[in-house]
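# Secondary and tertiary structure notes
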Amino acid sequence: MRDVLDRLLPWWEDGSTVALATVVGTWRSAPRQPGAAMLVGVDGEAVGSVSGGCVEGAVYELGRQVIDTGEPVLQRYGVSDDEAMGVGLTCGGILDVYVERLSRADFPELGEVAADIAAGRPVTVATVVEHPDPTRLGTRLVVRPEGVPSSGSLGSGRADSAVTDDARGMLAQGRTATLEYGPDGERRGDGMRVFVASYAPRPRMLVFGAIDFAAAVARIGSFLGYEVTVCDARPVFATRSRFPDADEVVVSWPHRYVEAQLAEGALDSRTVACVLTHDPKFDVPLLQVLLGDGGPQLAYIGAMGSRRTHEDRLARLREVGLTPEQLAPLRSPVGLDLGARTPEETAVSIAAEIIALRWGGGGEPLRETTGAIHRHTD
């Protein structure tokens, strides 16, 4: 929806009724990704694209039908011998397109969602696109991060709770996808498909220190959905070839890089920082910026090193004026106690601590805990 929002919002504001077609699933070499959208607007205007031209004509006609009937349609488009030159996908892909009528009455929360997107505030919109009960089709739940009220409903408290948990996890990773549940939100079941559209940039992971452990952390950070930056002041080590999984490799003194990122407003409360240099000339000025007054309020700040290195680092940070309260957020030695030895195992340990801190996990074996596996933090 993001790519057609500028045209959609004025129509919604003036009370017009349009059709919104959204790609909610893709297979093989489909030309557009989930979330790609097309509008059938006022006076029959077409805006946007769901397939780069392959099936737009068919989707347009379906949109006009949905405006007239008010009944949403989930349509699959693929390729076969008899349709390849008609409304099929000549690329050989398959895509599911959900077409719905949209107006103030159909989506009263759109104005608030648009405001969140414009302000860069993370928000997800979960929409039921398939359900055995036709009255549940098109129901929506607008989900925001922990501590920020959500709105709408998918028709049952159980479904709302399950989808809210999953949508927040997807929002934290900036992911958009269709999820499947039982008709009432049962995790082990099928019948209800919910399209979860996340409107947020990927969270950032800053990895300081161009060492072998950093390569493993960058790899797992990318796997978890982070936009990964590796930063080191030594150009001989901070190279793209050594960190192929990082989105960005920066040659800079770490504390100067963070100061520049702060000035640009490029760090937020979802950002995680992993300080792996365990060298005082890099660690101390960097952690002084990260932890000091005016520093970023990051989701996680971890620093690697032995317990002796940790104690020495704390003493140096106290010498430059950091208080116990300022030092409290520092996770050092970094990671959970998994008995990790190798860089890859250490990266898993660090990732486990980041995940546990994000969702309030304790790190215990699940068999030794009671209650729900997925924690509810509302």
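Residues numbered from 1 in each chain as written. Predicted model: local features only at pLDDT ≥ 70, side-chain atom pairs only at ≥ 80, totals over all residues. Heavy atoms only, no water.

In the structure shown here, the tally under the stated rule is 20 salt bridges. Note that Asp 279 is salt-bridged to Lys 281, the shortest N-O span being 2.6 Å. Asp 279 gets classed as partly exposed once you look at its relative accessible area, which sits at 21%. (Salt bridge = Lys/Arg side-chain N within 4 Å of Asp/Glu carboxyl O. Buried < 20%, exposed > 50% of the residue type's maximum accessible area, 1.4 Å probe, protein only.)

Right, let's talk about helix H10 (residues 343-359) for a bit. Over its 17 residues, H10 runs 24 Å from end to end, which matches the ideal 24 Å to within 8%, given 1.5 Å per residue. Those residues of H10 that sit buried are Pro 343, Thr 346, Ala 347, Ser 349, Ile 350, Ala 351, Glu 353, Ile 354 and Ala 356. The inward-facing, buried residues of H10 abut strand E11 (204-208), helix H5 (212-223), strand E14 (272-275), strand E15 (300-303) and strand E16 (330-331). Looking one or two residues past H10, Gly 360 carries a phi angle of roughly 80 degrees, positive in sign. (Helix = DSSP H or I, 4+ residues; strand = E, 2+ residues; numbered from the N terminus. Expected span 1.5 Å × (residues − 1). Contact = heavy atoms within 4.5 Å.)

This brings us to the packing of helix H7 (residues 280-291) against helix H8 (residues 307-319). Closest axis-to-axis distance for the H7/H8 pair is 10 Å, and the angle between their directions is 55 degrees. Here H7 lies oblique to H8, going by the angle between them. H7 and H8 meet at a crossing whose hand is right-handed. When H7 is examined against H8, the residues Pro 280, Asp 283, Val 284, Leu 287 and Gln 288 are found in contact with a partner set consisting of Asp 312, Arg 313, Arg 316 and Leu 317. Within the contact of H7 with H8, the residues separate by chemical class into 4 nonpolar, 1 polar and 4 charged. (Axes fitted to C-alpha atoms, helices over the stretch in contact; angles between N-to-C directions. Parallel < 35°, antiparallel > 145°, perpendicular 65-115°, else oblique. Left-handed = near helix turned anticlockwise from the far one by under 90°. Nonpolar A, V, L, I, M, F, W, Y, C, P; charged D, E, K, R; others polar.)

If you look at the biggest cluster of nonpolar residues, it comprises 27 residues, and the most contacted ones within it are Met 205, Val 207, Val 217, Val 228, Leu 276, Ile 350 and Ile 354. Looking at this core, the elements with two or more residues in it are E11, H5, strand E12 (227-232), E14 and H10. For this core, the leading source of residues is H5, giving 6 residues. Those residues in contact with Val 217 that lie beyond four places of it in its chain are Met 205, Val 207, Cys 274, Leu 276, Ala 347 and Ile 350. Listed in part, the 26 residues of the second largest apolar core include Leu 8, Trp 12, Phe 107 and Val 142. (Core = buried A, V, L, I, M, F, W, Y, C linked by side-chain atoms within 4.5 Å.)

It is a general feature of regular strands that their side chains alternate between the two faces of the sheet. Both faces of E14 are covered, namely the face carrying Val 272 and Cys 274 and the face carrying Ala 273 and Val 275. Sheet topology note: the E11/E14 ladder contains 4 bridges and is parallel. Looking across to E14, one finds that Phe 208 is bridged to Val 275. For E14 and E15, the ladder comprises 4 bridges, and the chain directions are parallel. In the strand pairing of E15, Cys 274 is matched with Gly 302. For the crossover from E14 across H7 to E15, the handedness is right-handed. (Pairing = 2+ DSSP bridges. Right-handed = clockwise from strand over helix to strand, strands pointing away.)

Take Thr 164: it is sitting in helix H4 (residues 157-173). Thr 164 has contacts with Leu 141 and Val 143, leaving out every residue within four places of it along the chain.

A few words on H8. Here H8 contains 13 residues, and its C-alpha end-to-end distance of 18 Å stays within 8% of the 18 Å for a straight helix at 1.5 Å per residue. The set of residues buried in H8 consists of His 310, Arg 313, Leu 314 and Leu 317. Buried residues along H8 cover an arc of 100 degrees about the axis, so they all sit on one side. Those residues of H8 that are exposed and angled more than 90 degrees off the buried face are Arg 308 and Glu 319. Packed against the buried residues of H8 are H7, E15, helix H9 (324-327) and E16. Immediately beyond the C-terminal end of H8, within one or two residues, lies Gly 321, with a positive phi of roughly 105 degrees. (Arc of directions from axis to C-beta.)

As for its position among the elements, Ser 349 is in helix H10. Assessed through its relative accessible area of 4%, Ser 349 is described here as buried. A sequence separation of 297 residues divides Ser 349 from Gly 52, and the C-alpha atoms of the two residues are 43 Å apart. Sequence-distant contacts of Ser 349, defined by excluding residues within four places in its chain, comprise Val 334, Gly 335, Leu 336, Leu 338 and Ala 340.

Another point: the environment of Gly 93. With respect to the helices and strands, Gly 93 occurs in the loop between strand E4 (73-77) and strand E5 (94-102). Residue Gly 93 is classed as buried on the basis of its relative accessible area of 0%. Taking the C-alpha atoms as reference points, Gly 93 and Arg 32, 61 residues apart in sequence, are found 9.8 Å from one another.

When pLDDT is averaged along the protein, the result is 90; 93% of the residues meet or exceed 70. When the criterion is pLDDT under 50, residues 80-86 qualifies, and its contacts beyond four places in sequence or with other chains add up to 6 contacts. (pLDDT = per-residue confidence, 0-100.)

Let's shift gears to the packing of aromatic side chains. For the coordinates displayed, the defined rule picks out 1 aromatic pair. Relative to Phe 282, the ring of Trp 253 has its centre 4.9 Å away and its plane inclined at 45 degrees; by these criteria the two rings are tilted. Remark: Phe 282 occurs in helix H7 and Trp 253 occurs in the loop between strand E13 (248-251) and helix H6 (254-264); sequence separation between them is 29 residues. Given a relative accessible area of 31%, Trp 253 falls into the partly exposed group. Judged by its relative accessible area of 6%, Phe 282 falls in the buried class. If you follow Arg 104 out to its NZ or CZ, it ends over the ring of Trp 12, 4.2 Å from the centre. Taking NZ or CZ as reference, Arg 140 lies 4.2 Å from the ring centre of Phe 107, over its face. (Phe/Tyr/Trp six-rings, centres within 6.5 Å; stacked < 30°, edge-to-face > 60°. Lys NZ or Arg CZ within 6 Å of the ring centre and 35° of its normal.)

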